[in-house]
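Observations on chain architecture
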Amino acid sequence: MPKWFVLHWRFLGLLMVLGTVLVPFLLTIYIKTVTNNRRFTQPETVPNEPVAIVFGAGVWADGNPNTDVSRSSGRGGGIISFGAS
């Protein structure tokens, strides 16, 4: 191990701790800034557009469920479709 690392272990430890704390904080700030115009806190400000909510599901372009969804549909899960496809 190079001598510099041995002599400056406190500095390197501080950098690691700061990185561990600051990286998630900075990523959160970045995500909130970038998605600010896509998040709504007041229901009356939400645009009137069709919405799909997908909780871990996947559907191929032809309308068939992906492997995970087709496996779970035998255990009570399934695909619910509203409107015309």
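Residues numbered from 1 in each chain as written. Predicted model: local features only at pLDDT ≥ 70, side-chain atom pairs only at ≥ 80, totals over all residues. Heavy atoms only, no water.

1. Here's the deal with the overall build of the protein
We apply this condition: A run of H or I in DSSP counts as a helix once it spans at least four residues, and a run of E counts as a strand once it spans at least two, with each numbered from the N terminus. Here's how the labels work: a residue is buried when its accessible area is under 20% of the maximum for its type, exposed when over 50%, partly exposed in between, all with a 1.4 Å probe on protein chains only. Note on areas: these come from Shrake-Rupley sampling with a 1.4 Å probe, and a residue is covered only by the protein chains present in the view.
The number of helices and strands found in the protein is three helices and zero strands. In the protein, the succession of α and β elements from N to C terminus is α-α-α. Each of the 85 residues in the protein was classed as buried or not, and the buried ones make up 4%. Here the protein displays about 8,200 Å² of accessible surface, and carbon together with sulfur accounts for 64% of that area.

2. A look at the confidence of the model for the protein
Caution is warranted with low-pLDDT regions, since their predicted coordinates should not be read in detail. How we decide: The quantity known as pLDDT measures the predictor's confidence residue by residue, on a range of 0 to 100.
For the protein, the average pLDDT comes to 77, and 71% of its residues sit at 70 or higher. Within the protein, no element has a lower average pLDDT than helix H3 (residues 67–72), which sits at 61, and none a higher one than helix H2 (residues 9–34), at 92.

3. Notes on H2
The condition that has to hold: Multiplying 1.5 Å by the residue count of a helix minus one yields the expected span of that helix. Bend, in this description, refers to the angle at a residue between axes fitted to the seven residues ending there and the seven starting there.
Between its terminal C-alpha atoms H2 stretches 36 Å, which fits the 38 Å expected from 26 residues at 1.5 Å a residue. Its maximal kink placed at Leu22, H2 deviates by approximately 25°, while the proline Pro24 follows within four residues.

4. Brief notes about a nonpolar patch on the surface
What counts is decided by this rule: The patches reported here contain residues having more than 30% relative accessible area and no salt bridge. Joining distances are 9 Å for like charges and 5 Å for nonpolar side chains (Val, Leu, Ile, Met, Phe, Trp, Tyr). Any Lys or Arg side-chain nitrogen found within 4 Å of a carboxyl oxygen on Asp or Glu counts as a salt bridge.
On the surface, Leu14, Leu18, Leu22, Phe25, Leu26 and Ile29 cluster together to form a nonpolar patch covering roughly 560 Å² of accessible area. Mapped onto the elements, Leu18 comes out in helix H2. Judged by its relative accessible area of 40%, Leu18 is partly exposed.

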